[in-house]
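The lines below spell out each chain.
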Amino acid sequence: MEWYKLTKEEVKSELDVDLSKGLTSTEAEQRIEKYGRNQLHEEDSKPFIKKLAEQFLDPMIIILMIAAIISGVMGEVVDSVVILAIVIVNAFLSLSQEGKAEKAIAALKKMSSPTVKVLRDGDSMEIESDLLVPGDVVILETGDIVPADLRLFESSNLKIDESSLTGESVAVEKQADAQYSEDVGIGDRGNYAYSASIVTYGRGIGVVTETGQNTEIGKIANAISEMEDEQTPLQKKLAKLSKVLGILTVVICFIIFGVGILYGNEYFEMFMMAISLAVAAIPEGLPAIVTIVLSIGMNNMAQKNAIVKKLLAVETLGTTTFICSDKTGTLTQNEMTVTKMFLDGKVIDVTGTGYEPEGKFLYDEKEIKEEDFKSLYTLASIGALTNDSQLKNQSGNYTIMGDPTEGALVVLSQKLGHSKEDLNAKYPRMEELPFDSTRKMMTTFHKNFIEDKIVSFTKGAPDIVLARSNRILIDGEIKDLTDEMRKEVLNKNVEFAQNALRGLAYAYDIHDSFPQDISSEKIEKDMIFVGLTGMIDPARPEVKDAIKECKRAGIVPVMITGDFIETAKAIATELGILGEGEKAIVGSDLNNMTPEEIQEVVKVTRVFARVSPENKVQIVTALKANGEIAAMTGDGVNDAPAIKKADIGIAMGITGTDVSKSTAEVILTDDNFATIVNAVEEGRIIYANIKKFVAFLLSCNIGEILVIFISIILNLPSPFVPIQLLWLNLVTDSFPALALGVERGESDVMDEPPRDPEEPILDRELTITLIIQAVSIAAATLGVYVYALSHVGKHADTIIYARTMAYATLILAELFRSYSSRSMNHNIWEIGVFSNIRLVQATLFSLFLMAVVMYVPFLEELFHLTDLYFIDWVIVIAASFIPLVIGEVQKIIRFKRKNKE
């Protein structure tokens, strides 16, 4: 039901409540049975057993487990145990690194106020907020968190901060008597208050209309809980690669088994050959290496103030094509700041941002002092004294208690060197006329400002304050306010508004004694006009450079905010988000569009203002439908659904609500938009490195397959046994692959546009390189194997000697090949052999492991290997360099071809 459209009488009738007495205890109990408690439902967390089971659903893992079980049944216990150990270790490694908990609903629940003041049985009392029911009469005062959605019945200077729900940076003035017949956006419903918003000023009385999941915040909770967790691009690509490898493995195994049987080989021998092939085809270390490299990336990002909660989100950051950012608190500081003043007929610029009381006053770009402008002290004093907010300093962290607009005026005065406390002590407040939304003014009375006189200070809406004034303070002198002067003031106010500055005007009057009648009609007229201030929630100073960096990297920044379109456009233009020919629209324009129309709109629109939570999800959905990788940043409750829907959800760690932080995959601990750029760069480097080691591992595995496949076709004995290939794939190959995963990024990684989200891990160039390398590894290994079969020399067992030669050649060829894998475009002598010290260490360690299984007696026997002599090693090493040389020659040819193109 659209409660804000109903009259007060209709609401009372619909909810059957007496406003003077509230509900009875009996009615409240009955309604809690009917509507349930005023709390949000929590989702059941996924059981550990289910999480563990999901780790074993990968096609490659399934094939390995089947191979392990069959090997065990056939008596090859060692092979079986080793394969199963690999699978289990990888599963627990993934679980321990990720561990993302779904706490969004719990965080929403935690935001509710614990107790609330209500009328029950005719008495005012405090009750637990979860006991509220529709029809309860709630009393609101400054500082209260609104406990449920309320239709307001009384409002006295009531202002409510709804920024976490709507994104609007200024507290909203509420007017209980407001009436609406047309549809009105959430942020514009003056007669309504929302659960989890905060009362910053005044008081009010409202009747509960919705509780729990039916509140606006409850709808957001539902939207979050109903959204499915989607796979990241890397997950999709690895799953596709895994599926292809799995199918190819099964097909090739059947072919090999069939060919062997046709040649008259034993069933058991051919079955073990097929198992060997399955082991060779599957890069056992790949899942573990991807997990480890991503977790290293997580640690690197954490050091750069970006905590990544979901492991695979590390890579997705690097693919981002659109960053949809909330304005308030993300691109801006969520701290209202006076940036311009108009007094003595001149415009003064005020430097400094946020609530920190540091800044300068500039006229014509030159710093001025208080004595240079005689009206400056008067205006700053009026702003600080007609004020109920307080500036708090907690170890250098400045915050405001009270209304943010008033807070900006306290900070302005302190920048001039006058704290509100000092001014109050010098000029004590005697009485006040509180602000209300009808008069749009506030007046306070003070003594001592002018000797032996009482002074009334007034601040308020510029047009109204100016209309109530007949004199003006110019250079310390009171003069008549002419029509020309009025026009100049109004023009300056329009100029401020065009620059998204919120204007306030200041005036005062002098009284010989304290007035007997302090009504607005008597006091707020024939005043002395002093000047204007223009304030804004300022952009974060570092964001402008971050936006430039985004655009240089081919990433499109988009502002999505609940604030007014003029303010949004001004900030977006200042930051460089809104460029020539790009559009800005309001969220309500999306409500009557089809999904296809929205998909076209998001291609050219860079600012979306006055949006609802549903609009944010529509925008992100449309971007994803266009094939974009969308990141959504934000800090409010209103951002949570879109954060969850986006490919990457990014929350602010300091100003962000628990909801946004729990929903997001990435949390910025410094609330700095620029940190996103660093995270994107890290994500790109990680993806490039993943491609390198995936190609390296697969070239090794395909090389192994070719050696076995060709051996069978030529009716040669199997060159390897399963345990040899397991050891090689898991240990000897994995360490160089891991070292490739931490390769430092190319210098131009942020000069490239985002890659096509549909681009496979193995693109055309990488696939060609992979095939050439696999063939060269197979040729070198098979050549040595065939040679060894016919040149036994001093070795007693021909097949063991030949397998040992093939095994040593394959390992060395793959280790040397890893140095060529470090870059697709630069030769080894350009990047340096020792520039990746981790790879050097990995190579030496892998060589050590190879020597251990070849020369430790019991391991030598277990792995079916034998000692090699000096001449054998000469042959092995010479052959092993073939893939490295071919890889480097290929780079030279590719480079020349690109230059010609």
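Residues numbered from 1 in each chain as written. Predicted model: local features only at pLDDT ≥ 70, side-chain atom pairs only at ≥ 80, totals over all residues. Heavy atoms only, no water.

Participant: How do you make sense of the overall build of the protein when you look at a structure like this?
Facilitator: Secondary structure summary: the protein contains 34 helices and 28 strands in total. Taking all 901 residues of the protein together, the buried fraction comes to 55%. Of the contacts formed within the protein by residues at least 6 apart in sequence, a portion of 72% connects residues at least 24 apart. Approximately 37,600 Å² of the protein is accessible, and the part contributed by carbon and sulfur atoms is 55%. (Helix = DSSP H or I, 4+ residues; strand = E, 2+ residues; numbered from the N terminus. Buried < 20%, exposed > 50% of the residue type's maximum accessible area, 1.4 Å probe, protein only. Contact = heavy atoms within 4.5 Å. Areas by Shrake-Rupley, 256 points an atom, 1.4 Å probe, with all protein chains shown as cover.)

Participant: I would appreciate a short explanation of the sheet that holds strand β27 (residues 648-652) in the present structure.
Facilitator: Sheets are built from strands that pair by backbone hydrogen bonding, the pairs being arranged parallel or antiparallel. The strand order β8-β28-β27-β26-β9-β23-β25-β24 describes an open sheet built from eight strands, whose pairing is mixed. With one partner strand each, in any of the chains shown, β8 (306-308) and β24 (583-586) form the two edges of the open sheet. Neighbour to neighbour, the strand axes of the sheet diverge by 20° on average, direction disregarded. Across four bridges, the pairing between β24 and strand β25 (residues 605-609) is parallel. Pairing of K583 across the sheet is with T605, part of β25. Relative to β25, helix α22 (residues 595-604) is tilted by about 110°, and along the sheet it contacts β9 (322-326), β24 and β25. (Pairing = 2+ DSSP bridges. Axes fitted to C-alpha atoms, helices over the stretch in contact; angles between N-to-C directions.)

Participant: Got a minute to help me understand the pattern of salt bridges in this structure?
Facilitator: Opposite charge on two side chains makes pairing possible when the charged atoms of those side chains draw close. Summed over all chains, the structure comprises 27 salt bridges. Among the ionic pairs, R120 bridges to D136, the shortest N-O distance being 2.7 Å. Placement of the pair is R120 in strand β1 (residues 115-120) and D136 in the loop between β2 (123-128) and β3 (137-141), with a sequence separation of 16 residues. A relative accessible area of 10% means that R120 is categorised as buried. Taking the relative accessible area as the measure of exposure, D136 reaches 0% and is therefore buried. Residue K340 is joined to D349 by a salt bridge in which the shortest nitrogen-to-oxygen separation is 2.4 Å. In the salt-bridge network here, residues are joined through shared partners; they are E2, K5 and D183. (Salt bridge = Lys/Arg side-chain N within 4 Å of Asp/Glu carboxyl O.)

Participant: Can you walk me through the pairing of β1 in this structure?
Facilitator: Consecutive side chains of a regular strand alternate in pointing toward one face of the sheet and then the other. As judged from the six bridges shared by β1 and β2, these two strands associate in the antiparallel manner. Residue pairing across strands places R120 opposite D123, the latter belonging to β2. The hairpin formed by β1 and β2 contains two residues between the paired strands, and D121 there has a positive phi angle of roughly 55°. In the sheet, β1 pairs with β3 via three bridges, with the strands oriented antiparallel. Across the sheet, K117 pairs through a bridge with I139, a residue of β3.

Participant: What am I meant to see in the confidence of the model for the protein here?
Facilitator: Note: predicted coordinates in regions of low pLDDT should not be interpreted at a detailed level. Chain-level pLDDT for the protein is 83 on average; 88% of the residues reach the 70-or-more range. Note that pLDDT drops below 50 for residues 97-113; the model gives that stretch 48 contacts with residues more than four away or on any other chain. (pLDDT = per-residue confidence, 0-100.)

Participant: Explanation requested: the side chain of S699 in the structure shown.
Facilitator: With respect to the helices and strands, the residue S699 is situated in helix α26 (residues 673-713). A relative accessible area of 0% means that S699 is categorised as buried. Once residues within four sequence positions are removed from consideration, S699 is found in contact with L770, Q773, A774, I777 and R817.

Participant: Where do I start with helix α23 (residues 613-625) in this structure?
Facilitator: In an α-helix, one full turn covers 3.6 residues, which means residues spaced three or four apart are oriented alike. Helix length check: α23 (13 residues) gives 19 Å between terminal C-alpha atoms against 18 Å at 1.5 Å per residue, within 8%. The set of residues buried in α23 consists of P613, N615, K616, V617, I619, V620, A622, L623 and K624. (Expected span 1.5 Å × (residues − 1).)

Participant: Sorry, what's going on with the pairing of strand β23 (residues 556-560) here?
Facilitator: With five of its five residues buried, β23 lies for the most part within the structure. Side-chain alternation along β23 places V556, V558 and I560 on one buried face and P557 and M559 on a second face that is also buried. In terms of strand pairing, β9 meets β23 through five bridges, oriented parallel. Across the sheet, S325 pairs through a bridge with M559, a residue of β23. Strand direction decides the pairing type here: β23 and β25, joined by two bridges, are parallel. Counted as the bridge partner of M559 is V607 from β25.

Participant: Looking at this structure, how should I read a nonpolar patch on the surface?
Facilitator: Taken together, the side chains of I877, F881, V885, V889 and I893 present a nonpolar region at the surface, about 410 Å² in accessible area. Looking at the element boundaries, F881 is found in helix α34 (residues 870-900). (Patch = residues over 30% accessible without salt bridge, like charges linked within 9 Å, V, L, I, M, F, W, Y side chains within 5 Å.)

Participant: I tried to follow the packing of helix α30 (residues 798-820) against helix α32 (residues 837-855) on my own but got confused; where do I start?
Facilitator: A pair of packed helices is captured by two measures, namely the crossing angle of their axes and the spacing between those axes. It is at 10 Å that the axes of α30 and α32 come closest, and there the two elements cross at 175°. When the interaxial angle is binned, α30 and α32 end up roughly antiparallel. Residues T804, Y807, A808, I811, L812, L815, S818 and Y819 of α30 form the contact with α32, whose participating residues are L839, V840, T843, S846, L847, M850, V853 and M854. Looking at the contact of α30 with α32 residue by residue, the classes come out as 12 nonpolar, four polar and no charged. (Parallel < 35°, antiparallel > 145°, perpendicular 65-115°, else oblique. Nonpolar A, V, L, I, M, F, W, Y, C, P; charged D, E, K, R; others polar.)

Participant: Please clarify how the environment of A380 should be interpreted in this entry.
Facilitator: Position of A380 among the secondary structure elements: in helix α14 (residues 374-385). By relative accessible area, A380 is classed as buried at 4%. In this structure the C-alpha to C-alpha distance between A380 and V411, which are 31 residues apart in sequence, comes to 9.5 Å. Not counting chain neighbours up to four residues away, the residues in contact with A380 comprise S413 and L416.

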